[in-house]
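What follows is each chain in one-letter form.
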Amino acid sequence: MTQVFHRHCHSDLPFATRGEGAYIYDQSGKAYLDASGGAAVSCLGHNHAGVRAALHAQIDQLAYAHSSFFTTEVAENLASRLTDKAPGSLNHVYFVSGGSEAVESALKLARQYFVETGEPQRTRFIARRQSYHGNTLGALAVGGNAWRRAPFSPLLMPAEHIAPCYPYRDQQPDESLHDYGQRVANELEQRLLTVGPETVIAFIAEPVVGATAGALAPVEGYYKRIREICDRYGILLILDEVMCGMGRTGTLFAHEQDGIEADLVTIAKGLGAGYQPIGAMLASDRIYDAISEGSGFFQHGHTYMAHATAMAGSLAVMDAFEKDGVLARVAPMGEALDQRLRNRFGDHPHVGDIRGRGLFQALELVHNRDSKKPFDSRSKLDKRIKAEAMQLGLMCYPMAGTIDGQRGHHILLAPPFIINEEQLDELTDKLYQAV
Ligand code: PMP
């Protein structure tokens, strides 16, 4: 038994000792193909020479300088690299150490924005059912996962939850995809009118839902409608790209593909690519200007903000994306993965849906394909598939359906962008065996 307090007490985990490219090796030398990038983190694979060199160089020069005393060239460069690419006027970057911290920052900045602009009665958030935005108490308060919330209620902030955009489950037989997207987006307006739009701070959602629903991309027009509703009632739009951002869906920001602009965006995971803990919140001019013309001070902060070594590592990640053409691989390799999944699982009696964008894909598992009836959540199907896959030397990310039994289990795939065709074959073969 290990002394590290892991999520599951008495866990019996192998020791990871080495990583190379798309593989992690354990203490016995066994290789595991990292088809989930850990939890959609390791977008460059393991032991990347460019990131290693950048981290070494920064540590040799200056590992850390507290952000209330100094800024650094690496932090400024990383901020401008991100804002140059971000849609709209997301011109300000707040660097933190992970996804939950990024979400907490966004929630607090959104609240402070309304306090400073004279609408302090706005205290409520709207999110989507089954959503996950982090495990800290603020992020948990907005998330819509009943099982995660239950032990910790009452939670910090009032939040309302509307349906996610989930055509496989919820589109009506006589309804076009477009009409479905508009209908489900309109629930935001209905909810605003029920709770009083003047009490709401923001709507928060993951553009492409990751862990909780399995690479669920919005239908065309859904986010345009969401943006219109936010604007009509003066509420902010926060997009959580902690998992789907940083190139995972084929563009640096997932919401570039939806043709909308957000007020606040959170990123993490792929930004550090597993080499350093890092997260970031991007804020639009409107938010930044209101704070700077008001108190001039965002009432928030963390010790390791804009940590110089982390900044240098993430700059090297972005270099690899652009100069080494890694980001450009995502769309074609995503298609190659999609094709393989369809060939292998297209007729599988327990695979109800194959979906995703770029190298962010998932299988939804159902007991019965025609009725879409899910497996019982007590079946522990997710844990069994994970164990089976690990036995075969494959890391994938299976998740249970929701606690109310209304959704199927799914398996999320988020391999490194450097994955090759042969490794995609290995992934599909091993996944098929595991399922
Ligand atoms: N938001 C989303 C969409 C996530 O997927 C996650 C992590 N799975 C988080 C926030 C929280 O990030 P972290 O675990 O780095 O705190």
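Model, not experiment: these values are computed from the prediction. (Residues numbered from 1 in each chain as written. Predicted model: local features only at pLDDT ≥ 70, side-chain atom pairs only at ≥ 80, totals over all residues.)

## A few points about the overall build of the protein chain
Item 1. If you tally the helices and strands in the protein chain, you get 14 helices and 15 strands.
Item 2. Referenced to the eigenvectors of the C-alpha coordinate spread, the extents of the protein chain come out at roughly 60 × 60 × 40 Å.
Item 3. For the protein chain, contacts bridging at least 24 residues in sequence account for 73% of all contacts bridging at least 6. (Helix = DSSP H or I, 4+ residues; strand = E, 2+ residues; numbered from the N terminus. Contact = placed C-beta atoms within 7 Å.)

## Let's talk about the domain arrangement of the protein chain
Item 1. The domain architecture assigned to the protein chain consists of domain 1 (16-47 + 327-434) and domain 2 (53-323).
Item 2. Taking the mean C-alpha position of each, domain 1 and domain 2 sit 25 Å from one another.
Item 3. In this complex, domain 1 contributes 31 residues to the contact, which on the side of domain 2 involves 29 residues.
Item 4. For the side of domain 1 that touches domain 2, the elements supplying multiple residues, two or more each, are α1 (37-40), α12 (330-345), β11 (351-357), β12 (360-365) and β15 (409-413). (Domains from an automatic or database assignment.)

## Re the pairing of strand β3 (residues 31-34)
Item 1. Two elements, strand β2 (residues 23-26) and β3, share 3 bridges in a ladder whose sense is antiparallel. By the bridge assignment for β3, Y25 is matched with A31.
Item 2. Connecting the antiparallel pair β2 and β3 is a turn made up of 4 residues, with G29 showing a positive phi of about 90°.
Item 3. Pairing geometry for β3 and strand β13 (residues 394-395), over 2 bridges, is parallel. Across the sheet, L33 pairs through a bridge with L394, a residue of β13. (Pairing = 2+ DSSP bridges.)

## Thoughts on the site of the ligand
Item 1. Around the ligand, 15 residues are found, and the nearest of them are G98, G99, S100, V242 and M243.
Item 2. Sorting elements by how many residues they give to the shell around the ligand places helix α4 (residues 99-116) first, with 3 residues.
Item 3. Residues belonging to the shell around the ligand are distributed by class as follows: 7 nonpolar, 6 polar and 2 charged. (Near = placed C-beta within 6 Å. Nonpolar A, V, L, I, M, F, W, Y, C, P; charged D, E, K, R; others polar.)

## Structural notes on the sheet that holds strand β6 (residues 159-162)
Item 1. Strand order across the open sheet formed by 7 strands is β4-β10-β9-β8-β7-β5-β6, with mixed pairing between neighbours. Strand pairing shows two members of the sheet lacking a second neighbour, β4 (90-96) and β6, which therefore form its edges. Between one strand axis and the next, the sheet turns by 20° as a mean value, whatever way the strands run.
Item 2. Relative to strand β10 (residues 279-284), strand β9 (residues 264-267) is paired through 4 bridges, and the arrangement is antiparallel. (Axes fitted to C-alpha atoms, helices over the stretch in contact; angles between N-to-C directions.)

## A look at the confidence of the model for the protein chain
Item 1. Chain-level pLDDT for the protein chain is 96 on average; 99% of the residues reach the 70-or-more range.
Item 2. Ranking the elements of the protein chain by mean pLDDT puts helix α6 (residues 146-149) last, at 88, and strand β8 (residues 236-240) first, at 99.
Item 3. Interface confidence for the predicted complex, expressed as ipTM, amounts to 0.99; the pTM equals 0.98. (pLDDT = per-residue confidence, 0-100.)

## Notes on unusual backbone geometry
Item 1. In the segment running from S153 into P154, the intervening peptide bond is cis, with an omega of 5°.
Item 2. Take P154: it is sitting in the loop between α6 and β6.
Item 3. At A40, a residue that is not glycine, the phi angle is positive and equals roughly 60°.
Item 4. Along the chain, A40 falls in helix α1.
Item 5. Positioned with a positive phi, A306 is a non-glycine residue whose angle comes to about 50°.
Item 6. With respect to the helices, strands and loops of the structure, A306 is situated in the loop between α10 (285-293) and α11 (308-323).
Item 7. A count of 25 C-beta atoms within 10 Å places A306 in the buried class. (Buried ≥ 20, exposed ≤ 12 C-beta atoms within 10 Å, placed from the backbone.)

## Observations regarding the packing of helix α8 (residues 177-195) against helix α9 (residues 222-233)
Two numbers describe a pair of packed helices, the interaxial angle and the distance between the axes.
Item 1. One can describe the packing of α8 onto α9 by two numbers: an axis separation of 8 Å at closest approach and a directional angle of 20°. What the angle tells us is that α8 and α9 run roughly parallel. Remark: the crossing between α8 and α9 carries right-handed chirality. Note on element contacts: α9 touches α8 through Y222, R225, I226, I229 and Y233, opposite G181, Q182, V184, A185, L188, E189 and L192.
Item 2. Tallied by class, residues from the contact of α8 with α9 come to 8 nonpolar, 2 polar and 2 charged. (Parallel < 35°, antiparallel > 145°, perpendicular 65-115°, else oblique. Left-handed = near helix turned anticlockwise from the far one by under 90°.)

## A word on the environment of D353
Item 1. Among the structural elements, D353 can be located in strand β11.
Item 2. We classify D353 as buried; it has 22 C-beta atoms within 10 Å.
Item 3. Remark: the alpha-carbon pair of D353 and N343, spanning 10 residues in sequence, is separated by 13 Å.
Item 4. Setting aside chain neighbours within four positions, we find D353 in contact with Y168 and E364.

## Quick notes on the pairing of β2
Item 1. Summarising the sheet, strand β1 (residues 16-20) and β2 pair through 4 bridges and their orientation is antiparallel. Bridge pairing in β2 links R18 to Y25.
Item 2. Turn length for the β1-β2 hairpin, with the two strands adjacent in sequence and antiparallel, is 2 residues, and the turn residue G21 shows positive phi of about 55°.

## Topic: α4
Item 1. The first and last C-alpha atoms of α4 sit 26 Å apart over 18 residues, in line with the 26 Å expected at 1.5 Å per residue.
Item 2. Most of α4 is tucked away: 15 of the 18 residues are buried.
Item 3. Immediately beyond the C-terminal end of α4, within one or two residues, lies G118, with a positive phi of roughly 85°. (Expected span 1.5 Å × (residues − 1).)

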